[in-house]
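# Secondary and tertiary structure notes
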Amino acid sequence: MKKDSDQKDWENFLKNPSDIFDKDNQTKKSDKQFTRYKFDFHGYSIEDANKKVEELISKSFENGISELLIITGKGIHSNIEDDVYTSKEHGKLQKTLPDFIKNNPELSPKIKKINEAPQELGGDGALIIKLNKIKE
């Protein structure tokens, strides 16, 4: 008796497999909410980069973007060695942008943290800026 019931269940299952849970089509709640915006600052001066990053952070924060990937480059092609008024360490966007953001009273409350990007996203030539969520 049990055998016949099992056979019928199996045949019904084969005819209508829609009840199968497809883990490949599953999306996590956190995946839907995660958004990253990427911007490349190659060729920007420090002053122009500061203005642009201020605009990017403000607009991204307003639009609910949770993370920015900022490509700064490593500064190895910058001609700052000949400029006596420029610091080799602080004449590179990878160093100056985080300081600008942290010291800007309009931007710092929007920032959760700033880290060097993982190697596959640019390593020490890129920054990951995690943004806070808008408080409602």
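Anything mentioned here points back to the structure above.
Each chain carries its own residue numbering, running from 1 in the written order of its sequence. A pLDDT threshold of at least 70 governs which residues receive local features in this predicted model, and a stricter bar of 80 or more applies before side-chain atom pairs are shown or counted, although totals over entire chains, interfaces and linings include all residues. For the side-chain quantities, the full set of heavy atoms in the structure was used; hydrogens and water were omitted.

## Section: the overall build of the protein chain
- To qualify as a helix, a DSSP run of H or I must reach at least 4 residues; to qualify as a strand, a run of E must reach at least 2; elements of each kind are numbered from the N terminus. For the protein chain, the helix and strand inventory stands at four helices and four strands.
- Any residue under 20% of the maximum accessible area for its type is buried, any over 50% is exposed, and the rest in between are partly exposed; the area is computed with a 1.4 Å probe on protein chains only. Put simply, the protein chain has 136 residues, and 29% of those count as buried.
- The contact rule is simple, with two residues in contact once any of their heavy atoms fall within 4.5 Å. Partitioning the contacts of the protein chain with sequence separation of at least 6, the portion at a separation of at least 24 is 60%.
- In the structure as shown, the protein chain presents an accessible area of about 10,300 Å², 49% of it carried by carbon and sulfur atoms. Using a 1.4 Å probe, the Shrake-Rupley method yields the accessible areas, and only the shown protein chains count as cover for residues.

## Observations concerning the environment of Lys 113
- Along the chain, Lys 113 falls in strand S3 (residues 111-116).
- Since its relative accessible area comes to 41%, Lys 113 is described here as partly exposed.
- Excluding its chain neighbours within four sequence positions, the residues that come into contact with Lys 113 are Ile 128, Ile 129 and Lys 130.

## What about the nonpolar core?
- Nonpolar cores are built from buried Ala, Val, Leu, Ile, Met, Phe, Trp, Tyr and Cys residues. Side-chain atoms within 4.5 Å join them into one set. Core analysis: the biggest nonpolar cluster contains 18 residues, and Phe 41, Ile 57, Ile 70, Leu 97, Ile 101 and Ile 129 have the highest contact counts within it.
- When contributions to this core are tallied by element, the ones reaching two or more residues are helix H3 (46-62), strand S2 (67-71), helix H4 (93-102), S3 and strand S4 (126-131).
- When residues in this core are grouped by element, the largest group, four residues, is from H3.
- Once residues within four sequence positions are removed from consideration, Ile 57 is found in contact with Leu 68, Ile 101, Leu 107, Lys 110, Ile 111, Ile 129 and Leu 131.

## Some remarks on the sheet that holds S3
- By the convention used here, strands pair only if DSSP detects at least 2 bridges between them. Taken together, the four strands give an open sheet; going across it, the order is S1-S2-S4-S3, and neighbouring strands pair in mixed fashion. The open sheet has two edge strands with one neighbour each: strand S1 (36-40) and S3. Adjacent strand axes in the sheet meet at a mean angle of 20° when their direction is disregarded.
- The sheet contact formed by S2 and S4 spans five bridges and is antiparallel. Each residue of the ladder has a partner; that of Leu 68, found in S4, is Ile 129. Angular values range over 0 to 180 degrees, each being the angle between N-to-C directions of two axes fitted as lines to C-alpha atoms, with helices fitted over their stretch in contact.

## Regarding the side chain of Ser 60
- Following the sequence through the fold, Ser 60 ends up in helix H3.
- In contact with Ser 60, other than residues within four places in its own chain, are Ile 65, Leu 68 and Leu 131.

## Observations regarding H3
- Expected helix span is taken as 1.5 Å per residue step, with the number of steps being one fewer than the number of residues. Compared with the 24 Å implied by 1.5 Å per residue over 17 residues, the 24 Å span of H3 between its first and last C-alpha is a close match.
- Within H3 the residues assigned to the buried category are Ala 49, Asn 50, Val 53, Leu 56, Ile 57, Ser 58, Ser 60 and Phe 61.
- For H3, the secondary structure elements touched by its buried residues are S1, S2, H4, S3 and S4.
- Gly 64 sits one or two residues past H3 and shows a positive phi near 75°.

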